[in-house]
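Letter by letter, the chains look like this.
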Amino acid sequence: MFKKSLIAVAAASMLTLTACGGTGSAAGNAGTDKITMGFAQVGAESGWRTANTKSVQESAKKAGIDLKFSDAQQKQENQIKAIRSYIQQKVDVIAFSPVVESGWDTVLKEAKTAKIPVILTDRAVDSTDKTLYKTFLGSDFVEEGKKAGTWLVDESKSATDTVNIVEIQGTTGSAPANDRKEGFEEAIKANPKLKIIASQSGDFTRSGGKQVMEAFLKNNPDIDVVFAHNDDEGLGAIEAIEAAGKVPGKDIKIVTIDAVKDGMTALSNGKINYIVECSPMLGDQLMDLAKKVIAGESVPERVVTEETTFTQEQAKQVLASRPY
Ligand code: GZL
């Protein structure tokens, strides 16, 4: 570990000055100045998450950072266990994407006591104690929800009747689900004809999106629009809509968030109508922030990732070159 190796070198030089003797070798990268990062990932629930994991792992290799990686299968207790194990292993820095916003103060205080800096990536925590982490790198989810809602307001300008919207939310209690909902509702207030008639969590998964959409279709005869918090839920909704004998993208319009390959393919095929991008490619920025934090350099409290939006036409143009 970087920190331990500095101590080891100092101890060794002390020892050589005063007497011979070995120094306790650090677990892992004994005697090297390689940085060790403990990364506690949410899970593997979506195409976005798979791309995010690949980005973190590839960027760590490129940056020469030794990565310890764990997959929490979308369970907070598993992420907390992983963070505690990284503390015991005395890693140089901990990074994680909190599966939900609440319940992190205790374990983050343990990391602070152990003098291990923490970087939040992708999702935020609702802790009021900003000293518990060095920075938060990720998207502005409220803005993403607003972009989706604004598209629908523009799309529905000429609507004379009520536009019935069903919302497939992300993981209950997660920052992206809470914030995307907030942003979308804020935007659609501009057109009182836009009504959310049903809203339920699909847990950011394709199967969850399909199950929720099946229930929506059973209970609501005239759905006009689906707002799905990620592409995977939207893709599941497409399966349910087609099984009900309706045409996704035409009988029922669909707007989603992420812009992963499968979502962009459905968009270019006309089954989704609009996608708001949420970039999973956070690896390089994360490793750069980690090196700065360990070097004692100041880093911004918040690093917002750049992202755009896609229409069906734009998807056709960029699909072949999309990196994930
Ligand atoms: C957003 C990320 C969300 C994605 C989903 O940054 O946390 O989690 O939108 C993923 O696809 O499951």
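Counting of residues starts from 1 at the beginning of each chain's written sequence and follows it residue by residue. Residue-level local features of this predicted model are given only where pLDDT is at least 70; pairs of side-chain atoms are given and counted only at 80 or more, and the full residue set underlies all totals for whole chains, interfaces and linings. For the side-chain quantities, the full set of heavy atoms in the structure was used; hydrogens and water were omitted.

Draft legend 1. Spatial organisation of the packing of aromatic side chains. By convention, a stacked pair of Phe, Tyr or Trp rings (six-membered ring in the case of Trp) has centres within 6.5 Å and planes under 30 degrees apart, an edge-to-face pair has planes over 60 apart, and any other such pair is tilted. Within this structure, the stated rule accounts for four aromatic pairs. Consider the rings of W151 and Y274, whose centres lie 5.2 Å apart with planes at 10 degrees: the pair is stacked. Highlighted residues: W151 in helix 5 (residues 141-155) and Y274 in strand 10 (residues 274-277), separated in sequence by 123 residues. Using a relative accessible area of 12% as the deciding quantity, one classes W151 as buried. The criterion is that NZ of a Lys, or CZ of an Arg, lies within 6 Å of the ring centre and within 35 degrees of the ring normal, and then a charge sits over that ring. One Lys or Arg, R322, reaches over the ring of Y324 and ends 5.0 Å from the middle of that ring. Runs of E in the DSSP output that reach at least two residues are strands. Runs of H or I that reach at least four are helices, and both are numbered from the N terminus. Working definition: with a 1.4 Å probe on protein chains only, accessible area under 20% of the residue-type maximum means buried, over 50% means exposed, and in between means partly exposed.

Draft legend 2. Structural context of the domain arrangement of the chain. Domains are outlined according to an automatic or database domain assignment. Split into domains, the chain comes out as domain 1 (22-138 + 280-305) and domain 2 (141-278). Each of domain 1 and domain 2 was reduced to a C-alpha centroid, and the two centroids are 31 Å apart. Contacts between domain 1 and domain 2 engage twelve residues on the former and 16 residues on the latter. The largest per-residue losses of area from domain 1 upon contact with domain 2 belong to W48, E101 and R123, which jointly make up 43% of the total buried on that side. Whenever a carboxyl oxygen of Asp or Glu lies within 4 Å of a side-chain nitrogen of Lys or Arg, that contact is scored as a salt bridge. On inspection of domain 1 and its partner domain 2, the count reaches zero salt bridges. By the criterion applied in these results, polar contacts are pairs of N or O atoms within 3.5 Å in which, for protein atoms, one can donate a hydrogen and the other can accept it, and in which residues neighboring in sequence qualify only through two side-chain atoms. Counting the contacts that link domain 1 with domain 2 gives five residue pairs in polar contact (both at pLDDT 80 or more). Three classes are used: nonpolar for Ala, Val, Leu, Ile, Met, Phe, Trp, Tyr, Cys and Pro, charged for Asp, Glu, Lys and Arg, and polar for all others, with Gly counted as polar. A per-class count over the side of domain 1 that touches domain 2 returns five nonpolar, three polar and four charged. In this analysis, two residues are considered to be in contact whenever any of their non-hydrogen atoms come within 4.5 Å of each other. Note on terms: buried area is the combined drop in 1.4 Å-probe accessible area of two parts once they are placed together, counting the loss on both.

Draft legend 3. Main features of the confidence of the model for the chain. Note on scores: pLDDT gives the predictor's confidence for each residue, bounded by 0 and 100. Looking at the chain as a whole, its pLDDT mean stands at 92, while 90% of the residues score no less than 70. Confidence, read as mean pLDDT per element, is least for helix 1 (residues 2-18) in the chain (44) and greatest for strand 8 (residues 225-228) (99). Every residue in residues 1-29 scores below 50 in pLDDT, and together they form 35 contacts with partners more than four places removed in sequence or on other chains.

Draft legend 4. Spatial organisation of helix 7 (residues 206-219). For helix 7, spanning 14 residues, the distance from its first C-alpha to its last is 20 Å, which sits close to the expected 20 Å at 1.5 Å a residue. All of the buried residues along helix 7 are G208, G209, V212, M213, F216 and L217. End-on view of helix 7: buried residues confined to an arc of 160 degrees, all on one side of the axis. Exposed side chains of helix 7 directed beyond 90 degrees from the buried face belong to Q211 and K218. Multiplying 1.5 Å by the residue count of a helix minus one yields the expected span of that helix. The arc in question is formed by the directions pointing from the helix axis toward the C-beta atoms.

Draft legend 5. Looking closely at the packing of helix 5 against helix 6 (residues 175-188). The interhelical angle for the contact between helix 5 and helix 6, taken along N-to-C directions, is 35 degrees, at an axis separation of 6 Å. For the pair helix 5 and helix 6, the crossing hand works out as right-handed. On the side of helix 5, the interface is formed by F141, V142, E144, G145, K146, A148, G149, T150, L152 and V153, while helix 6 contributes A175, P176, D179, R180, E182, G183, F184, E186, A187 and I188. Grouping the constituent residues of the contact of helix 5 with helix 6 by class yields ten nonpolar, four polar and six charged. Angular values range over 0 to 180 degrees, each being the angle between N-to-C directions of two axes fitted as lines to C-alpha atoms, with helices fitted over their stretch in contact. Helix crossings get a hand from a simple test, with the near helix turned counterclockwise from the far one by less than a right angle marking a left-handed crossing and a clockwise turn marking a right-handed one.

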